[in-house]
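If you want the building blocks of each chain, they are given just below.
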Amino acid sequence: MNVIESHGLGKRYRRSWALRDCTVAVPGGQVVALVGPNGAGKTTLLSLAAGLAVPTAGQLAVLDGRPAGSPEALDRIAFVAQDAPLYKNLPARDMLRVARSLNRQWDQPRAEARLAELGIPLDRKVGRLSGGQQAQLALTIALARRPDLLVLDEPLAMLDPLARHEFMAAVMAAVAGDGISVVLSSHVLAELERVADYLIVLARGQVQVAGEVDALLAGHRLLTGPAAETTQIAERHPVVHCQPAGAQSHLLVRTGAPAAQAAQDWPGWQARPVGLEELVLAYLREPGAVTPPPLTLARAGADSKVRG
Amino acid sequence: MTIDKQTDGAGRDGSTAGRRSPIGFRLDPASGVPVYLQLVQQVEQAMRLGYLKAGDQLPTVKDTVAALAINPNTVLKAYRELEHRGLAGGRPGQGTFVQGSLGQPALPQQAELRRGLLSWLRAAEAAGLDEAGAGALFGSVLRDFYGRPGQAAPDDRGRAGQQDVA
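What counts, and at which threshold
- Residues numbered from 1 in each chain as written.
- Chains lettered and ligands numbered in written order.
- Predicted model: local features only at pLDDT ≥ 70, side-chain atom pairs only at ≥ 80, totals over all residues.
- Helix = DSSP H or I, 4+ residues; strand = E, 2+ residues; numbered from the N terminus.
- Buried ≥ 20, exposed ≤ 12 C-beta atoms within 10 Å, placed from the backbone.
- Contact = placed C-beta atoms within 7 Å.
- Domains from an automatic or database assignment.
- Pairing = 2+ DSSP bridges.
- Axes fitted to C-alpha atoms, helices over the stretch in contact; angles between N-to-C directions.
- Arc of directions from axis to C-beta.
- Parallel < 35°, antiparallel > 145°, perpendicular 65-115°, else oblique.
- Left-handed = near helix turned anticlockwise from the far one by under 90°.
- Nonpolar A, V, L, I, M, F, W, Y, C, P; charged D, E, K, R; others polar.
- Core = buried A, V, L, I, M, F, W, Y, C linked by C-beta atoms within 7 Å.
- pLDDT = per-residue confidence, 0-100.

(A) Geometry of the overall build of chain B. Helix and strand counts for chain B come out as 5 helices and 4 strands. Ordered by position from N to C terminus, the α and β elements of chain B give β-β-α-α-α-β-β-α-α. When the 166 residues of chain B are sorted by exposure, 25% land in the buried category. Across chain B, every contact between residues at least 6 apart in sequence was considered, and the portion connecting residues at least 24 apart equals 58%.

Given below as structure tokens:
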């Protein structure tokens, strides 16, 4: 099942395209990280999926073929925008009341229990809560809707390290407890490695990398060796990013499945595993390098009908 | 890597009501060891040190996820690995429990292996390798031998190109 699936999706604001010709399949039942440089179209894609904006071109379906923005899709998606928009002058209790009357599905006991657990007083005005508490309140409201898909746009950007940890712990607990799917965009690459099952790198509205995090990490290596032999390595393995350093070269290569081969193939070269951060940075530096998504996913994307 | 022995010893009597594990997990973000493997190693370490015995419950997925802010699948992967190694087993609806033990019996060959390693170290020194060089070489061969490319040497990640690798 794909929680977000788009074909040739585009969104234009006045004269400029925020997203153009975007074809992507976001798998469900997982925690999917969406990364990419500023202006890559992450926020636009997520807002379109949440039904907050209408596509200019192309097709977009959510939660296994439901048209984005349709009532049956809206009921099952919860979206927390970048700045956790809340009414700052309302006490937390009234903020819950507002959210409750705006949503068809609402789990009030659960929302109150979460806030009690977090030590957020119901009578305090939202604007007087800390940044971390405001983010937790926005998350509480999102989870009280009992969504199948939780979409988080840059949830960590405004938070201090402790609040970030507590926020992600709460999201992960919801994944463990309710089995919800999560799609989150973030620039905090180091923290994504611990939470994401699946990674999508978006560059200029196009999918540059898509795949299971474990498989991506296992399928790439950082090779260091004599610069003169760089081309021979490149003939053997696709080079994502090459960093010449005098007589030496550092190459991030895609080795495919059995990653251990890379070093043994080339004596004199040192291979070491890459972290998610390194991998993403290498791809962001080389917008031309594209890793094809795994076959199964590409096929699922091509076969299933999408209603726009 | 540290193991926390929780102060309240609930659950040691084997009652399923007290759903507490004798240990709690910690993460070392700088180690470069994949998170699931850190969990596996901490369970093994706790078994070696006697904090965990057969029948003890491992921390629940939900507790671990809430404490460490990691993906639940990572915890499940660690527990699958422990099951694969014959050290733990899942009980439907209850959780994952320790099986067996990890006491390493004193190998009769251990002294001999040690001598072999010493003579290798002397050869390495004679060839001009210092302590760090010998350690790096041994670690590299160790990783190759056990075929676990996922494990990087400590402090090895996130520094692409900043260091000249000898």
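(B) Local environment of the domain arrangement of chain A. All names here are of chain A. Considered domain by domain, chain A is made up of domain 1 (2-213 + 293-303) and domain 2 (215-285). For domain 1 and domain 2, the distance between their C-alpha centroids amounts to 34 Å. Elements with a contribution of two residues or more to the side of domain 1 that touches domain 2: helix 7 (189-195), strand 9 (198-203) and strand 10 (206-212).

(C) Here's a closer look at the sheet that holds strand 11 (residues 220-226) of chain A. All names here are of chain A. The sheet built from 4 strands is open, its strands ordered 12-13-11-14 with antiparallel pairing. Each edge of the sheet is formed by a strand with only one pairing partner; in this case those strands are strand 12 (239-245) and strand 14 (270-273). Shown here is a sheet whose adjacent strand axes are inclined to one another by a mean of 20°, direction ignored. Direction of pairing for strand 12 relative to strand 13 (residues 248-254): antiparallel, over a ladder of 6 bridges. Among the inter-strand pairings, H241 is bridged to a residue of strand 13, identified as L252.

(D) Spotlight on helix 2 (residues 61-68) of chain B. Of all the residues in helix 2 of chain B, the buried ones are V61(B), T64(B), V65(B) and L68(B). Take helix 2 of chain B and look down its axis: the buried residues cluster within an arc of 95°, on one side only. Next to the buried residues of helix 2 of chain B lie helix 6 (161-178) of chain A together with helix 3 (72-84) of chain B. Downstream of helix 2 of chain B by one or two residues, A69(B) has phi in the positive range, about 55°.

(E) The packing of helix 1 (residues 35-48) of chain B against helix 3 of chain B, seen in detail. All names here are of chain B. Interaxial distance between helix 1 and helix 3 falls to 8 Å at its minimum, and their mutual angle equals 45°. Classified by the interaxial angle, the pair formed by helix 1 and helix 3 is oblique. As for the relative orientation of helix 1 and helix 3, their crossing is right-handed in sense. Taking contact as the criterion, the partners of V35, Y36, L39, V40 and V43 in helix 1 are, on helix 3, T74, V75, K77, A78, E81 and L82. A breakdown of the residues in the contact of helix 1 with helix 3 according to their chemical character gives 8 nonpolar, 1 polar and 2 charged.

(F) Layout of the nonpolar core. Residues and elements named next belong to chain A. Formed by 121 residues in total, the largest nonpolar core has its most connected members in V151 and V183. A per-element tally of this core places helix 6 first, with 9 residues. In this structure, V151 is in contact with L46, A49, A50, I77, A78, F79 and V183, ignoring residues within four places of it in sequence.

(G) Expanded view of the environment of A134(B). Relative to the elements of secondary structure, A134(B) occurs in helix 5 (residues 131-146). If sequence neighbours within four positions are ignored, A134(B) has contacts with L121(B), A124(B) and L129(B).

(H) Spotlight on the confidence of the model for chain A. In the predicted model, chain A carries a mean pLDDT of 86, and the fraction of residues at 70 or more is 91%. Low pLDDT, under 50, characterises residues 294-308 of chain A; the predicted model gives this stretch 23 contacts beyond four residues in sequence or across chains.

(I) Layout of the packing of helix 6 of chain A against helix 2 of chain B. At a minimum axis distance of 7 Å, the contact between helix 6 of chain A and helix 2 of chain B shows a crossing angle of 165°. Of the possible angle classes, the one that applies to helix 6 of chain A and helix 2 of chain B is roughly antiparallel. Our pair here, helix 6 of chain A against helix 2 of chain B, has a crossing hand that is right-handed. Contacts from A169(A), M172(A), A173(A), A176(A) and G177(A) in helix 6 of chain A reach V61(B), K62(B), V65(B) and A66(B) in helix 2 of chain B. Residue classes in the contact of helix 6 of chain A with helix 2 of chain B are distributed as 7 nonpolar, 1 polar and 1 charged.

(J) Expanded view of the sheet that holds strand 9 of chain A. Residues and elements named next belong to chain A. With mixed pairing, the 6 strands of this open sheet are ordered in space as 6-7-8-3-9-10. Each end of this open sheet is capped by a strand with a single partner; those strands are strand 6 (77-80) and strand 10. Ignoring which end each strand starts from, the neighbouring axes of this sheet average 15° apart. Bridge count between strand 3 (residues 31-35) and strand 8 (residues 181-185): 4 bridges; the pairing is parallel. Counted as the bridge partner of L34 is S185 from strand 8. Along the sheet, helix 5 (residues 131-144) contacts strand 6 and strand 7 (149-153); its crossing angle with strand 6, the most-contacted strand, is approximately 170°.

(K) Structural view of helix 3 (residues 92-102) of chain A. Residues and elements named next belong to chain A. Among the residues of helix 3, those classed as buried are A92, M95, L96 and A99. Within helix 3, the buried residues cover an arc of 100° as seen down the axis, which keeps them to one side. On the buried face of helix 3, the contacting elements are helix 4 (108-118) and helix 5.

(L) Seen up close, unusual backbone geometry. Residue and element names in this part refer to chain A. Even without being a glycine, L63 presents a positive backbone phi close to 45°. Here L63 lies in the loop between strand 4 (57-62) and strand 5 (66-67). A tally of 22 C-beta atoms within 10 Å means that L63 is categorised as buried. Of note in this structure, E154 is not a glycine but carries a positive phi near 50°.

(M) Layout of the confidence of the model for chain B. Residue and element names in this part refer to chain B. Of the residues in chain B, 72% reach a pLDDT of 70 or more, and the chain-wide mean stands at 77. Averaged over each element, pLDDT in chain B is lowest for strand 1 (residues 4-5) (45) and highest for helix 3 (94). Taken together, the stretch residues 1-18 has pLDDT below 50 and engages in 31 contacts with residues farther than four places along the chain or on a different chain. In this model, residues 150-166 is a region of pLDDT below 50 whose contacts with residues beyond four sequence positions or in other chains number 33 contacts. Scored by ipTM, the complex comes to 0.78, with pTM at 0.76.

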